Amino acid sequence: MLIEGLEHKLSQCVHCGMCLSVCPTYKIFGYETDSPRGRITLIKALNDGRLVLNEEFADHIDRCLDCRACQTACPSGVEYGLIIEEAKAYLYLKNPPNFFVKLLLRIVTRFVIPSRRVLRTLTSFLFVYQKLRINKLVRKVLPTKLRELEKMLPPLPSPSKYSYFKKDIVYGPIGEKRGRVYFFAGCVQDAFFPNVNRDTIDVLRYNGYEVVVPSAQTCCGAVHMHGGDPEYAKVVAKKNMEAFSENIPIIVNAAGCGAFLKEYNRLFGEEETKEWRRRIKDINEFLAENGFRKPKGWVNMKITYQDPCHLAHAQGIRSQPREILKSIPGLDFREMKHPDTCCGSAGVYNIVHRDISMRILKMKLEDIERTGADYVVTANPGCQIQLTYGTGKRVYHIVELLAEAYRNEKT
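Quick summary incoming for the structure in this document.

Analysis parameters
- Residues numbered from 1 in each chain as written.
- Predicted model: local features only at pLDDT ≥ 70, side-chain atom pairs only at ≥ 80, totals over all residues.
- Heavy atoms only, no water.
- Helix = DSSP H or I, 4+ residues; strand = E, 2+ residues; numbered from the N terminus.
- Contact = heavy atoms within 4.5 Å.
- Areas by Shrake-Rupley, 256 points an atom, 1.4 Å probe, with all protein chains shown as cover.
- Lys, Arg positive; Asp, Glu negative; His and termini not counted.
- Charge placed at Lys NZ, Arg CZ, Asp CG, Glu CD.
- Core = buried A, V, L, I, M, F, W, Y, C linked by side-chain atoms within 4.5 Å.
- Buried < 20%, exposed > 50% of the residue type's maximum accessible area, 1.4 Å probe, protein only.
- 1 Å grid on protein atoms, 1.4 Å probe; cavity = no way out; pocket = protein on both sides within 12 Å on 5 of 7 lines; lining within 4 Å.
- Points joined across faces, edges and corners; volume = space filled by probe spheres on them.
- Nonpolar A, V, L, I, M, F, W, Y, C, P; charged D, E, K, R; others polar.
- Salt bridge = Lys/Arg side-chain N within 4 Å of Asp/Glu carboxyl O.
- Pairing = 2+ DSSP bridges.
- Axes fitted to C-alpha atoms, helices over the stretch in contact; angles between N-to-C directions.
- Phe/Tyr/Trp six-rings, centres within 6.5 Å; stacked < 30°, edge-to-face > 60°.
- Lys NZ or Arg CZ within 6 Å of the ring centre and 35° of its normal.
- Parallel < 35°, antiparallel > 145°, perpendicular 65-115°, else oblique.
- Right-handed = clockwise from strand over helix to strand, strands pointing away.

The helix and strand inventory of the chain stands at 24 helices and 9 strands. Over its C-alpha atoms, taken along the principal directions, the chain stretches across nearly 70 × 55 × 40 Å. Nonlocal contacts in the chain, meaning residues at least 24 apart in sequence, comprise 75% of its contacts between residues at least 6 apart. Entry remark: accessible area of the chain is about 18900 Å², with carbon and sulfur atoms responsible for 56%. In the chain, 60 positive and 46 negative side-chain charges are present, and the distance between their average locations comes to 6 Å.

Written out as structure tokens, the structure is:
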């Protein structure tokens, strides 16, 4: 046995094949080894000692986006997301990158991403870089692949949009107070889309909630867990559990963060995190459960909705975003044929597996085009970046439209 604790989870797969039609990499390559059940077979063979760890095995495992569409399709309840993440962590430990790549990864994941101040300083420099159109000059000298990656950088906000968390901030409710909640600001969301965070807080306030934003909060830890650094994932997770100590709901607006925050039992155990996991609520989930105030202001847009993988498949949140969108007057909502297929972002997948990611994005863009919608709405920063690059248009978070509808009530 090589990977601890997976024997039972691996044996749950009955190889029925229901996962094949929803797997993005199987659609592209058509190989059994690039399907969920094929990868499970490979991992089980490795775990049983029937297969030797080699480059071919690593390639098939690494190609997985961990979109978890297979979990939704699986009739046996196989926890594929946990299985593939454990396998990837094992690969990282047994076949680590070279010293310089590993050093760079450690700097990014341990010193840049967990630090709100460092991230905001970085995005402030990138804002100036875009504002002065230095990017236009840089693109002329970059190799083709790097040039395309640079183009994926979304339009960045002015540093004036930020309010640094020097101390805990409390935002009062608008109107009668209904309750008190925490807000988890995230790292990429906070650095790249601070307007989404502001609109999330406003939406909660419009619904009568006092919103507390703890200054001691940090990265959720997903990037560390997925990158083979579970020990540091525990470090940031513990900081968050201490920062959000009051027994009130913790509202999250990034699907990837919400999914991992709900999986802290993987780090500390079921009983130790039972109450914590109960308190984690995606903003769509929270509003639908507690009854949100239906807006009266109009938003005249023709939109379609992209289900983030870690919202639809990992958290099972599907109807709530649609309920919110359909409540906004003037919004012309058009459903995609396959709204819950991955857009190809998948964390840093669109960087390390760019060619595959772009093929997956192409399928998604064709699905969007068929709806006739002018804009795409989603609920995760990675999806926003990927789809902005693909469509060439601004991609909205649900809370941006709901907040606008509330603000339009005054006009």
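There's plenty left to go through after this.
Within the largest apolar cluster, 50 residues are counted, with the highest numbers of intra-cluster contacts made by Leu204, Tyr305, Leu325, Leu331, Val377 and Leu401. Considering every element that reaches this core, the biggest residue donor is helix 24 (residues 398-407), with 7 residues. Filtering out sequence-adjacent residues up to four positions away, leucine 331 remains in contact with Val299, Met301, Ile303, Leu325 and Leu401. Counting residues in each nonpolar core, the second largest holds 22 residues, with Ile43, Ala58, Tyr90 and Leu91 among its members.

Our next topic: the layout of surface pockets. For the second largest pocket, the calculated volume is near 380 Å³. As for the second largest pocket, its lining consists of 18 residues, of which Pro155, Leu156, Phe193, Asn195 and Arg394 are closest to the centre. Elements with a minimum of two residues in the lining of the second largest pocket: helix 8 (116-131), helix 12 (194-206) and helix 23 (381-391). In the lining of the second largest pocket, the residues fall into 9 nonpolar, 4 polar and 5 charged.

This paragraph deals with the environment of serine 115. As for its placement among the helices and strands, serine 115 is situated in the loop between helix 7 (99-112) and helix 8. C-alpha separation for the pair serine 115 and valine 196, spaced 81 residues apart in sequence, amounts to 19 Å.

This model, assessed by the stated rule, comprises 35 salt bridges. Between arginine 110 and aspartate 229 there is a salt bridge, with its nearest N and O atoms 3.1 Å apart. Of this pair, arginine 110 sits in helix 7 while aspartate 229 is found in the loop between helix 13 (222-226) and helix 14 (230-243), placing the two residues 119 residues apart along the sequence. Relative accessible area serves as the criterion here: at 28%, arginine 110 is assigned to the partly exposed category. Since its relative accessible area comes to 6%, aspartate 229 is described here as buried. The salt bridge partner of aspartate 332 is arginine 334, with a shortest N-O separation of 3.3 Å.

Examined against the element boundaries, proline 97 turns out to sit in the loop between helix 6 (80-94) and helix 7. Classification of proline 97 by relative accessible area gives partly exposed; the value is 26%. In this structure the C-alpha to C-alpha distance between proline 97 and lysine 393, which are 296 residues apart in sequence, comes to 36 Å. Ignoring anything within four residues of it in the chain, the contact list for proline 97 reads Tyr92, Lys102 and Leu105.

Glancing now at the sheet that holds strand 4 (residues 250-252). Pairing is mixed in the open sheet, where 5 strands are placed in the order 1-3-2-4-5. What marks the edges here is a single partner per strand, and that holds for strand 1 (169-171) and strand 5 (280-282). Across this sheet, the average inter-strand angle for adjacent strands is 35 degrees, counted without regard to direction. Taken together, the 4 bridges between strand 2 (residues 179-184) and strand 3 (residues 209-213) define a ladder with parallel strand orientation. Within the sheet, the bridge partner assigned to valine 181 lies in strand 3 and is valine 211. Relative to the sheet, helix 17 (residues 270-279) contacts strand 2, strand 4 and strand 5, its axis offset from that of strand 5 by approximately 25 degrees.

Bringing the packing of aromatic side chains into the picture now. Following the criterion strictly, the structure yields 8 aromatic pairs and no others. Ring centres of tyrosine 375 and tyrosine 396 lie 5.7 Å apart, and the angle between their planes is 85 degrees; on these two criteria the pair is classed as edge-to-face. Of this pair, tyrosine 375 sits in strand 8 (residues 375-378) while tyrosine 396 is found in strand 9 (residues 396-397), placing the two residues 21 residues apart along the sequence. Lying over the aromatic face of phenylalanine 29, arginine 63 brings its terminal NZ or CZ to 4.2 Å of the ring centre. In this structure, lysine 294 packs its charged tip against the face of phenylalanine 292, placed 4.3 Å from the ring centre.

We now examine the packing of helix 18 (residues 283-290) against helix 20 (residues 319-326). Viewed as axis vectors pointing N to C, helix 18 and helix 20 meet at an angle of 70 degrees, and their least axial separation amounts to 8 Å. Comparing their axes, helix 20 and helix 18 come out roughly perpendicular. Here helix 18 contributes Asn284, Glu285, Leu287 and Ala288 to the contact with helix 20, which in turn contributes Gln320, Pro321, Glu323 and Ile324. Split by residue class, the contact of helix 18 with helix 20 holds 4 nonpolar, 2 polar and 2 charged.

Glancing now at the pairing of strand 8. The pairing of strand 6 (residues 301-305) with strand 8 spans 3 bridges and is classified as parallel. Looking across to strand 8, one finds that threonine 304 is bridged to valine 376. As judged from the 2 bridges shared by strand 8 and strand 9, these two strands associate in the parallel manner. Paired with valine 377 across the two strands is tyrosine 396, which belongs to strand 9. The handedness of the strand 8 to strand 9 crossover, carried by helix 23, is right-handed.

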